Amino acid sequence: MAFLIRNTQTRYGWIAILLHWLIGLLFIGQIALGLAMVRVTSQRTAFELIQLHKSFGLLLLGLILLRLGWRLANVMPRLPAKTGLLERRTASAAHFALYALQLLLPLTGWALVSASVLEIPTMPFDLFVMPNLPVAVSDAGEAWWRAAHAYLAYAAVVLVAVHVLAALRHHFRLGDTVLIRMILPSRQRDDTEPE
Amino acid sequence: MSFRRLALFTLAVIAIAGPAAYAATSLSTAGGRYTINPAGSSIRFSIGKAGGGSLDGAFARFTGNIRVDNADADRSEVNITIMPASVDTGQGRIDAFLRSDAVFDADNDPEIRFRSTSVRRTGETTATITGNLTARGKTSPEKFQAELKSFGSGTIIFRVTGRVLRSRYGMDVGTPIYSNVVEFDMTLSGRRS
């Protein structure tokens, strides 16, 4: 089998697989880091964790833009033939919402940093100074973006959990290839054709 | 001597001897011990930020004294104690951060102390002050530039500037987003005691 780069009607290529797991790992890590950094007692540790959260957030934003571009330039493997219409629509809506959150979470985080009257520079991984977003700088503005960022993060926790449970359901309950094909693009049983 | 020549001579004497006489006066009468008066003094600091701008602040509470040695200016002394709990940057959240154990740990280390070890005159009104700065249990030699701004009726005013590396005192949090160099700009007004 050739080294599968691009998606096909039945399989995910390596780029889509790599971006899925890399972003998934970083995304869950960011939520954990975000929850931890506002709860630690040491102010120094909190400051350092927040800078790390900002760095990974901007890295994620870059990866997500790459992923969206790749997603639009590729076909999506079909769902198993026996998937019902409601389930197809639900899956499509959930995936759309997950993409929206991947984009909105780093953007609202960036906006809250930009709106902060503390004017703490953003220096991803201490490499360069990231400019701020053109948002109004005020305590009220910062509070608004902070709330938006937090609520979107809680929504992401719920959606990621649903996403993981749905993948496990496909694998263990339905016995189809939906989870497996996101792990390996190797030749496998094709259950997307009607039997 | 004609009036005209007398006038010229008088002007010449004032022009030549005047500044010398003033300097001599300030040197010979400035000697003594002064207590730093917070009312006329300020201790400001500035820390550069990556990408431009700076974090500026001041300490509102400090005490200290200055001893100006008449006979030997190099034997002069400066002692300052700063209360870091009084730090003020105009942003309550930043002040709270600076007072916390991330930076000053003001609850456990309520004082930052400077004790001069030598004063070297570098000009008619300038000197380099070397001494030990102690903060958060760490002591390190530091150098400041002092300039006599005014002296009269028992009050002496110096402007003192210097650069301190905060990493030497375990306060390097936030580098390199915030510079390791803290630029101090102090106005120390002493009242003869």
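That block above? That's the structure.
The structure reproduced in this document is the subject of the present report. (Residues numbered from 1 in each chain as written. Chains lettered and ligands numbered in written order. Predicted model: local features only at pLDDT ≥ 70, side-chain atom pairs only at ≥ 80, totals over all residues.)

Next up on the list: the overall build of chain A. A count of helical and extended segments in chain A gives four helices and zero strands. Along chain A, from the amino end to the carboxyl end, the secondary structure elements read α-α-α-α. Dimensions of chain A, computed from C-alpha atoms along their principal axes, come out at roughly 60 × 35 × 30 Å. Residues counted as buried form 21% of the 195 residues belonging to chain A. Put simply, 67% of the contacts in chain A that link residues at least 6 apart link residues at least 24 apart. (Helix = DSSP H or I, 4+ residues; strand = E, 2+ residues; numbered from the N terminus. Buried ≥ 20, exposed ≤ 12 C-beta atoms within 10 Å, placed from the backbone. Contact = placed C-beta atoms within 7 Å.)

Glancing now at the pairing of strand β4 (residues 62-68) of chain B. All names here are of chain B. Burial of the side chains of β4 is restricted to one face: Phe-62, Gly-64, Ile-66 and Val-68 are buried, whereas none of Thr-63, Asn-65 and Arg-67 on the reverse face is. Bridge count for strand β1 (residues 32-36) against β4 is four bridges, and the pairing is antiparallel. Its bridge partner being in β4, Tyr-34 is matched across the sheet by Ile-66. Summarising the sheet, β4 and strand β5 (residues 77-82) pair through six bridges and their orientation is antiparallel. Paired with Arg-67 across the bridge in β5 is Glu-77. (Pairing = 2+ DSSP bridges.)

Okay, unusual backbone geometry next. The phi torsion of most residues other than glycine is negative, and most of the peptide bonds are trans. Following Thr-175 of chain B, the chain continues to Pro-176 of chain B via a peptide bond in cis, the omega torsion being 5 degrees. On the secondary structure map, Pro-176 of chain B appears in the loop between β10 (155-165) and β11 (178-192). Here Asp-126 of chain A, not a glycine, exhibits a phi torsion of approximately 60 degrees, which is positive. Note on placement: Asp-126 of chain A falls in the loop between α3 (85-115) and α4 (139-174). One non-glycine residue, Ser-153 of chain B, lies in positive phi territory at about 40 degrees.

With 14 residues of chain B at the contact, the number on the chain A side is twelve residues. Per-element accounting of the side of chain B that touches chain A gives the leading share, three residues, to helix α2 (residues 92-99) of chain B.

Moving on: the packing of α3 of chain A against α4 of chain A. All names here are of chain A. Put simply, α3 and α4 touch, their axes get as near as 8 Å, and they point 155 degrees apart. With respect to α4, the axis of α3 lies roughly antiparallel. Between α3 and α4 lies a crossing of left-handed hand. Per-class residue counts for the contact of α3 with α4 are 17 nonpolar, five polar and two charged. (Axes fitted to C-alpha atoms, helices over the stretch in contact; angles between N-to-C directions. Parallel < 35°, antiparallel > 145°, perpendicular 65-115°, else oblique. Left-handed = near helix turned anticlockwise from the far one by under 90°. Nonpolar A, V, L, I, M, F, W, Y, C, P; charged D, E, K, R; others polar.)

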